[in-house]
Amino acid sequence: MIKETHECRECGSSNIVKNGHSASGSQQYHCKDCGAHKVLDPEPRGYSEEEKEKILRAYRERGSKRAISRIFGISRNTLNRWLEKRDAKSTQ
């Protein structure tokens, strides 16, 4: 049993034990009460709105999609999706 005061994200029980690591390397836990296998505090996924704006602003300054994806470490498909959403908003 874990001595720290962690609780299961599913049921709120403190009857949890360590149970390996996720694919990203985060510690996973197993709840003995509800049977859930989860990471206690998952990292937020995705990009913040500020990061998206920064990347889109760099693209508007005549950067190529390939260069933007290389500089910021995002895929061109992600950049294309963001640009499509931005264009859809501007036409409404």
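These numbers come from a predicted model, not from an experiment. (Residues numbered from 1 in each chain as written. Predicted model: local features only at pLDDT ≥ 70, side-chain atom pairs only at ≥ 80, totals over all residues. Heavy atoms only, no water.)

Caption draft 1: Summary view of the sheet that holds strand β1 (residues 16-21). Within the open sheet, the three strands sit side by side as β1-β2-β3. Their pairing is antiparallel. This sheet does not close on itself; its edge strands, each paired only once, are β1 and β3 (37-39). Strand-to-strand, the axes of this sheet are offset by a mean angle of 40°, without reference to chain direction. Where β1 and strand β2 (residues 27-31) come together, four bridges link them in antiparallel fashion. (Pairing = 2+ DSSP bridges. Helix = DSSP H or I, 4+ residues; strand = E, 2+ residues; numbered from the N terminus. Axes fitted to C-alpha atoms, helices over the stretch in contact; angles between N-to-C directions.)

Caption draft 2: Local environment of the packing of helix α2 (residues 65-72) against helix α3 (residues 76-91). Packing of α2 against α3 brings their axes to within 9 Å, and their N-to-C directions diverge by 115°. Comparing their axes, α3 and α2 come out roughly perpendicular. As α2 packs across α3, the resulting crossing turns out to be right-handed. The segment α2 lies against α3, with Lys65, Arg66, Ile68 and Ser69 engaging Arg76, Leu79, Asn80 and Leu83. When the residues that make up the contact of α2 with α3 are grouped by side-chain class, the tally is three nonpolar, two polar and three charged. (Parallel < 35°, antiparallel > 145°, perpendicular 65-115°, else oblique. Left-handed = near helix turned anticlockwise from the far one by under 90°. Contact = heavy atoms within 4.5 Å. Nonpolar A, V, L, I, M, F, W, Y, C, P; charged D, E, K, R; others polar.)

Caption draft 3: Highlighting α3. With 16 residues, α3 should cover 22 Å at 1.5 Å per step; its first-to-last C-alpha distance of 22 Å lies within 8% of that length. When α3 is considered as a whole, its buried residues turn out to be Thr78, Leu79, Trp82 and Leu83. In an axial view of α3, the angular spread of the buried residues amounts to 135°, which keeps them on one side of the axis. Structural note: α3 exposes Asn77, Glu84 and Thr91 on the side pointing more than 90 degrees away from its buried face. As for α3, its buried residues are in contact with α1 (49-60) and α2. (Expected span 1.5 Å × (residues − 1). Buried < 20%, exposed > 50% of the residue type's maximum accessible area, 1.4 Å probe, protein only. Arc of directions from axis to C-beta.)

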